[in-house]
Amino acid sequence: MSLEVMENLLTLKLNMINTLALAALVLFLGYFVRRKWPILDRLNIPAPVVGGLIFAVLALVLRLSDVFAFKFDIALQDPFMIAFFTSVGLTASFTLLKVGGPQVVLFWVIASTLALFQSGFGVVVAKLLGVHSYLGLISGSVTMTGGHGTGLAFGPLFEEMGLEGATTLAVAAATFGLVSGGLIGGPIGTYLINKKKLKSRKEKSDLEKKVSQAMAEVKEAGTTQISAYEILKYTTIILACMGIGSLIADGFESLGITLPAYIGSMLVAAVVRNFLDFTKILKVNQDYVEALGSVALNLFLAMALMSLKLWELLDLAIPMLIILAVQVVLTGTFALFLTYRVMGRDYDAAVMAGGNCGFSMGATPNAIANMESLVEKFGPAPRAFLVIPIVGAFFIDFTNALIITFFINVV
């Protein structure tokens with residue numbers, strides 16, 4: 001850590017360890033503020049987003065006041081990001097897809113189609129507004145379906161390709177999506193339930209019971225106690241997938257194909273997971289994988305958010321808000337007229353339509369929150385609570401990453 005004068009401003013330079021330590025403190029600042037302000041928890045705003053934005057605003061005030069600025073060494077940011085998406089690949093057990101049957105496949109197709117529309121509409125509106133097409137992508141499925149994690153993962157790539165401030169714009173868009181998805185999901189579900197006079201079925205079907213059993217088996221822990229050996233084992237698996245995945249990414253780059261840094265590692269991890277499931281060489285402990293992924297994601301988000309350059313938002317704020325408004329209308333209309341119809345035109349389908357708004361404008365927890373608000377008033381929707389978490393946790397990141405990659409290379 002050192003103080004230097006950069007750009008006529010006293011600058012506090014933090015090395016890699018200082019930056020990581022500060023990111024951890026910023027993360028727990030976010031947890032503290034969420035406990036003090038329950039509305040942030042109800043809106044499912046992640047703790048690293050809360051803490052990171054608070055720090056970023058403080059840094060902005062200090063910079064604009066000519067007091068001093070911060071300069072971070074973010075060398076660990078990409079490894080944490082890749083580790084998280086690798087853990088996503090390790091959770092992608094296609095046993096659930098097989099057991100879940102048509103409903104899981106249908107919703108996966110629906111969610112992927114909406115992600116495709118989000119990116120397409122975003123690019124078209126951006127072109128009509130005369131701004132960079134990548135702003136349309138950032139305000140599309142990158143942050144709507146992908147949330148903060150995907151937005152921050154792609155932000156540096158968009159900056160390298162010419163969109164200044166892409167990372168900051170991605171955070172703003174993802175936060176807008178989280179709030180908007182939480183606001184429109186409940187009313188859309190309520191409208192469908194009341195208009196169609198739909199009733200809760202209350203009982204789980206045989207298929208739903210099979211899916212519940214399969215999910216329990218997939219998530220079953222290999223041991224009831226925390227083990228340093230198990231932590232090291234799954235850390236090693238994740239690191240090995242990251243290493244092989246980086247070679248695959250380098251191969252695509254040599255062919256002139258633009259891919260986000262994590263794609264190769266995530267695909268390798270998915271292959272490894274399903275190979276292990278098929279051969280039964282190792283029963284993957286989902287709890288360890290998810291815990292390691294959560295640690296990596298939270299530190300990545302905290303580090304990325306606290307280093308935001310909020311002053312880069314000013315020039316593109318209005319065009320981005322217009323694109324985001326289009327995304328709200330698109331997602332709400334899609335859920336109302338397509339999700340509800342394709343998923344069965346019954347009570348569970350209406351609840352899933354409400355959940356789809358949160359799911360495709362923020363994150364799976366947003367979808368769960370929307371659906372919980374509906375079932376508290378109208379009764380249980382067991383199918384909805386099985387289908388959406390499976391697709392959100394295990395499958396949508398794959399198709400969304402492919403959709404984004406396609407648009408980057410075409411646009």
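Note that the coordinates shown come from a computational prediction; the quantities given were computed from them, not determined experimentally.

About the criteria used
- Residues numbered from 1 in each chain as written.
- Predicted model: local features only at pLDDT ≥ 70, side-chain atom pairs only at ≥ 80, totals over all residues.
- Heavy atoms only, no water.
- Helix = DSSP H or I, 4+ residues; strand = E, 2+ residues; numbered from the N terminus.
- Contact = heavy atoms within 4.5 Å.
- Buried < 20%, exposed > 50% of the residue type's maximum accessible area, 1.4 Å probe, protein only.
- Phe/Tyr/Trp six-rings, centres within 6.5 Å; stacked < 30°, edge-to-face > 60°.
- Expected span 1.5 Å × (residues − 1).
- Salt bridge = Lys/Arg side-chain N within 4 Å of Asp/Glu carboxyl O.
- Patch = residues over 30% accessible without salt bridge, like charges linked within 9 Å, V, L, I, M, F, W, Y side chains within 5 Å.
- Areas by Shrake-Rupley, 256 points an atom, 1.4 Å probe, with all protein chains shown as cover.
- Lys, Arg positive; Asp, Glu negative; His and termini not counted.
- Charge placed at Lys NZ, Arg CZ, Asp CG, Glu CD.
- Core = buried A, V, L, I, M, F, W, Y, C linked by side-chain atoms within 4.5 Å.
- Axes fitted to C-alpha atoms, helices over the stretch in contact; angles between N-to-C directions.
- Parallel < 35°, antiparallel > 145°, perpendicular 65-115°, else oblique.
- Nonpolar A, V, L, I, M, F, W, Y, C, P; charged D, E, K, R; others polar.
- Left-handed = near helix turned anticlockwise from the far one by under 90°.

(A) Broad picture of the overall build of the protein. For the protein, the count of helices and strands is 18 helices and three strands. A separation of at least 24 residues holds for 79% of the contacts in the protein among residues at least 6 apart in sequence.

(B) The arrangement of the environment of Leu178 in detail. Within the element layout of this structure, Leu178 appears in helix α9 (residues 166-196). In sequence terms Leu178 and Pro46 are 132 residues apart; their C-alpha atoms lie 9.8 Å from each other.

(C) The environment of Val411, seen in detail. As for its placement among the helices and strands, Val411 is situated in the segment after α18 (396-410). Sequence separation of Val411 and Tyr134 is 277 residues, and the distance between their C-alpha atoms is 8.1 Å. The residues touching Val411, leaving out its near neighbours within four places in the chain, are Val123, Ser133 and Tyr134.

(D) Main features of unusual backbone geometry. Positive phi is not limited to glycine here, since Asp66 has a value of about 60°. Given the relative accessible area of 61%, Asp66 is considered exposed. The backbone phi angle of Lys197 is positive, close to 55°, even though this residue is not glycine. With respect to the secondary-structure elements, Lys197 resides in the loop between α9 and α10 (206-219).

(E) Region of interest: the packing of aromatic side chains. Scanning the model with the defined rule gives 13 aromatic pairs in all. Arranged with centres 4.9 Å apart and planes meeting at 65°, the rings of Phe84 and Phe85 form a pair that is edge-to-face. Note on Phe85: relative accessible area 1%, which makes it buried. Of the aromatic side chains, those joined through ring pairs into one cluster are Phe55, Phe68, Phe70 and Phe72.

(F) Region of interest: α18. Between its terminal C-alpha atoms α18 stretches 21 Å, which fits the 21 Å expected from 15 residues at 1.5 Å a residue. Regarding α18, the residues found buried are Ile396, Asp397, Phe398, Thr399, Asn400, Ala401, Ile403, Ile404, Thr405, Phe407 and Ile408.

(G) View of the pattern of salt bridges. All told, the structure shown has three salt bridges when counted by the stated rule. Glu230 serves as the salt-bridge partner of Lys233, at 3.2 Å between the closest nitrogen and oxygen. With Lys233 and Glu230 both in helix α11 (residues 228-254) and three residues apart, this pair spans about one turn of that helix. Notably, a salt bridge pairs Arg273 with Asp277, separated by 3.2 Å at the nearest N-O pair. Here Asp277 and Arg273 lie together in helix α12 (residues 263-279), a separation of four residues that amounts to about one turn.

(H) How the structure looks around a negative patch on the surface. A cluster of acidic residues, Asp78, Glu159, Glu160, Glu164, Asp250 and Glu253, forms a negative patch on the protein surface. At the level of secondary structure, the elements contributing two or more residues to the negative patch comprise α8 (147-160) and α11. Mapped onto the elements, Glu164 comes out in the loop between α8 and α9. What makes Glu164 exposed here is its relative accessible area of 64%.

(I) Up close: a positive patch on the surface. Taken together, Lys195, Lys196, Lys197, Arg341 and Arg345 make up a surface patch of like positive charges. Tracing the chain through its elements places Arg345 in the loop between α14 (317-342) and α15 (347-359).

(J) How the structure looks around a nonpolar patch on the surface. A surface patch of nonpolar side chains, amounting to about 560 Å² of accessible area, comprises Leu106, Leu116, Phe117, Phe121, Phe337, Leu338 and Val342. Sorting the residues of the nonpolar patch by element identifies α6 (102-129) and α14 as the ones contributing at least two each. If you tally residues by element for the nonpolar patch, the top one is α6, at four residues. Take Leu106: it is sitting in helix α6.

(K) Fine view of the nonpolar core. Counting residues in each nonpolar core, the largest one holds 125 residues, and the members touching the most others are Phe158, Leu163, Tyr262 and Val351. The greatest single-element share of this core, amounting to twelve residues, is contributed by helix α13 (residues 286-306). Contact partners of Leu163, with chain neighbours within four places excluded, come to His132, Tyr134, Leu135, Ile138, Phe158, Leu169 and Leu316.

(L) Structural view of the packing of helix α1 (residues 16-36) against α13. In contact at an axis separation of 8 Å, α1 and α13 are set at 100° when each is read in the N-to-C sense. Here α1 lies roughly perpendicular to α13, going by the angle between them. Taking contact as the criterion, the partners of Thr19, Leu20, Leu22, Ala23, Ala24, Val26, Leu27 and Tyr31 in α1 are, on α13, Asn298, Leu299, Ala302, Met303 and Met306. Across the contact of α1 with α13, the residue classes tally to eleven nonpolar, two polar and no charged.

(M) Representation of the packing of helix α4 (residues 77-90) against α12 in the model. Orientation of α4 relative to α12, taken along the N-to-C sense of each, is 30°, at an axis distance of 7 Å. Taken as axis vectors, α4 and α12 run roughly parallel relative to one another. For the pair α4 and α12, the crossing hand works out as right-handed. Residue-level contacts link Ile82, Phe85, Thr86, Val88, Gly89 and Leu90 of α4 to Ser265, Met266, Ala269, Ala270, Val272 and Arg273 of α12. Partitioning the contact of α4 with α12 into residue classes produces eight nonpolar, three polar and one charged.

(N) Looking closely at the environment of Gly264. One can find Gly264 in helix α12. Overall, the relative accessible area of 5% leaves Gly264 in the buried class. The residues touching Gly264, leaving out its near neighbours within four places in the chain, are Gly245 and Ile248.

Treat this as a map of the structure, not an account of what it does.
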